Amino acid sequence: MTSRATRVLVLNSGSSSLKYQLLDMRDNARLAAGLVERIGEETSRLVHTPRPEGGDADGGDADGSGKRERTGPITDHTEALEAVSAELARDGLGLDSPELAAIGHRVVHGGLKFTAPTVVDDAVLAEIERLVPVAPLHNPANLTGIRTAQRLRPDLPQVAVFDTAFHTTMPEHAARYAIDVATADAHRIRRYGFHGTSHAYVSRKTAELLGREPADVNVIVLHLGNGASASAVAGGRCVDTSMGLTPLEGLVMGTRSGDIDPAVTFHLKRVAGMSVDEIDELLNKKSGLVGLCGDNDMREIRRRVDAGDERARLAFDIYVHRLKKYIGAYTAVLGRVDAVVFTAGVGENAAPVREAAVAGLETLGLAVDAGLNAVRSDKPRIISPRDARVAVAVVPTDEELEIAQQTFALVDEGRTVIA
Ligand code: ADP
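What about the site of the ligand?
- Close contacts around the ligand come from 13 residues, with Asn 226, Met 298, Arg 299, Gly 345 and Asn 349 the closest.
- Take Arg 299: an N or O atom from its side chain is 3.5 Å from a nitrogen atom of the ligand.
- Among the secondary structure elements, those contributing two or more residues to the shell around the ligand are helix H10 (298-306) and helix H12 (344-349).
- Per-element accounting of the shell around the ligand gives the leading share, four residues, to H12.
- Of the residues contributing to the shell around the ligand, the split by class is four nonpolar, six polar and three charged.

Structural notes on helix H11 (residues 310-334)
- Its 25 residues give H11 an end-to-end C-alpha distance of 36 Å, which sits within 8% of 36 Å, the value for a rise of 1.5 Å per residue.
- Along H11, the residues that are buried comprise Ala 312, Ala 315, Phe 316, Tyr 319, Val 320, Arg 322, Leu 323, Tyr 326, Ile 327, Tyr 330, Thr 331 and Leu 334.
- At the N-terminal end of H11, a side-chain oxygen is found 3.0 Å from the backbone nitrogen of Arg 311, two or three residues along, and the residue is Asp 309.
- One or two residues past the end of H11 sits Gly 335, with phi positive at roughly 80°.

As for empty space enclosed by the protein
- Throughout the structure, instances matching the rule amount to one cavity of 30 Å³ or more.
- Its volume calculated, the largest cavity comes out at about 30 Å³.
- If you go around the largest cavity, the residues you meet are Ser 203, Arg 204, Ala 207, Pro 214, Val 217, Val 219, Val 233 and Gly 236.
- Grouping the constituent residues of the lining of the largest cavity by class yields five nonpolar, two polar and one charged.

Structural notes on the packing of H10 against H11
- Where H10 contacts H11, the axes come no closer than 8 Å and their chain directions differ by 125°. With respect to their mutual orientation, H10 and H11 come out oblique. Crossing of H10 over H11 shows left-handed handedness. On H11, the residues touching Met 298, Ile 301, Arg 302, Arg 304 and Val 305 of H10 are Arg 311, Ala 312, Arg 313, Phe 316 and Tyr 319.
- Classifying every residue of the contact of H10 with H11 by side-chain character gives six nonpolar, no polar and four charged.

Let's talk about the packing of aromatic side chains
- Evaluated as defined, the whole model comprises two aromatic pairs.
- Consider the rings of Phe 114 and Phe 162, whose centres lie 4.3 Å apart with planes at 5°: the pair is stacked. With Phe 114 in the loop between strand S6 (100-107) and strand S7 (118-119) and Phe 162 in strand S8 (residues 158-162), this residue pair connects regions lying 48 residues apart in the sequence. Grouping residues by exposure puts Phe 114 and Phe 162 together as buried.
- Centre to centre, the rings of Tyr 326 and Tyr 330 are 5.6 Å apart; their planes meet at 75°, and the pair counts as edge-to-face.

Topic: the pairing of strand S4 (residues 45-50)
- Counting buried residues in S4 gives five out of six residues, a clear majority hidden from the surface.
- Direction of pairing for strand S3 (residues 29-37) relative to S4: antiparallel, over a ladder of six bridges. Along S4, the bridge assignment pairs Glu 37 with Arg 45.
- In the sheet, S4 pairs with strand S5 (residues 68-71) via four bridges, with the strands oriented antiparallel. Its bridge partner lying in S5, Val 47 is registered against Glu 69.

Reading the values: rules and limits
Residues numbered from 1 in each chain as written. Predicted model: local features only at pLDDT ≥ 70, side-chain atom pairs only at ≥ 80, totals over all residues. Heavy atoms only, no water. Near = heavy atom within 4 Å. Polar contact = N/O pair within 3.5 Å; in protein donor to acceptor, adjacent residues only side chain to side chain. Helix = DSSP H or I, 4+ residues; strand = E, 2+ residues; numbered from the N terminus. Nonpolar A, V, L, I, M, F, W, Y, C, P; charged D, E, K, R; others polar. Expected span 1.5 Å × (residues − 1). Buried < 20%, exposed > 50% of the residue type's maximum accessible area, 1.4 Å probe, protein only. 1 Å grid on protein atoms, 1.4 Å probe; cavity = no way out; pocket = protein on both sides within 12 Å on 5 of 7 lines; lining within 4 Å. Points joined across faces, edges and corners; volume = space filled by probe spheres on them. Axes fitted to C-alpha atoms, helices over the stretch in contact; angles between N-to-C directions. Parallel < 35°, antiparallel > 145°, perpendicular 65-115°, else oblique. Left-handed = near helix turned anticlockwise from the far one by under 90°. Contact = heavy atoms within 4.5 Å. Phe/Tyr/Trp six-rings, centres within 6.5 Å; stacked < 30°, edge-to-face > 60°. Pairing = 2+ DSSP bridges.

All quantities given are derived from atomic positions and should not be read as evidence of function.
Here it is as structure tokens:
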């Protein structure tokens, strides 16, 4: 019908992994999705799913989805992206296709400078590099992904979509820590927040679900995956979020502690004799649910709770208690709340977490309808009783779609928009 380039490849590069999705922006259809993991090891693995939505309600996880798997060493990200392109080419969707309009990259830390998706040039690369000290695990991997994609398609716009961008609207009184200003500024220490692409997408979808404009709606978004964060969104703008300088602050997570008295770290160093690296690992990798009960998967924790396991029960209660505190805090921050919305792996699937998080909060206008809460669905839905003052909702997040849409909007600017 048209030879216009309408496809966007979304890349999410981790230190040893590369996740990807190819979307057609005419109808947001997913043409392919996949993952390369254990890059740099002997046992690298590429799992490629053509047409992940092609009739599979669960996104292509089921057998018979046409999933293709390849194992064997993939030495670096360049090789990984070449392998991805080869898989795509088998379905006529290779990276050399003229229908590819752009590549959208998830970049974790954009600091204060990047408030919106940005077409990558040398200056943008240098700025992402400058932010490595505040995102030592993520930004180097994201940079590798961008540089690799640039080498393979130097003619194509590469767009960086930042996890922090949505939170750059936070007012100074929410973003600043109450520490010496000169020290904070010298080291760019402040609250940046993460998961911004998800918070942006989910808060907008929630307004849609309520049949209102984002500008008219105040929402508390609870993104509960393995990493977890809450945000307070007033009229489409983020006014507070639970993650801070790094993704360690805030809610109890799969392996991260979330909020903690910073003096615990001094204590661990001075009294327990731990090194800074050991404390970093303890708080980021060995805390949260896994530290409390040995498991970080909410499905397993619920099984154990139901079987009467006390440690799992306490871990669940601590997790929910923290969530409640943030719901209360963000109700105070927003003044008027129209919806509390749950998203990501735990938020979308764990009915007991949703029920427990709002239990006893009737005075804030919050309640869930047990029947609606028990329904399993991959669609946005309201789970509060009909007459509730505040809607409680479940809205599946879709960070790849959001990255693709933001990328395409940027590169397609000025051209005819297809409805
Ligand atoms: P991330 O992107 O942060 O790795 P996800 O958003 O995919 O994480 O969430 C992963 C988590 O979701 C798992 O660790 C698990 O705790 C939880 N989860 C997934 N499915 C279910 C389910 N059916 N019931 C309860 N929890 C679930």
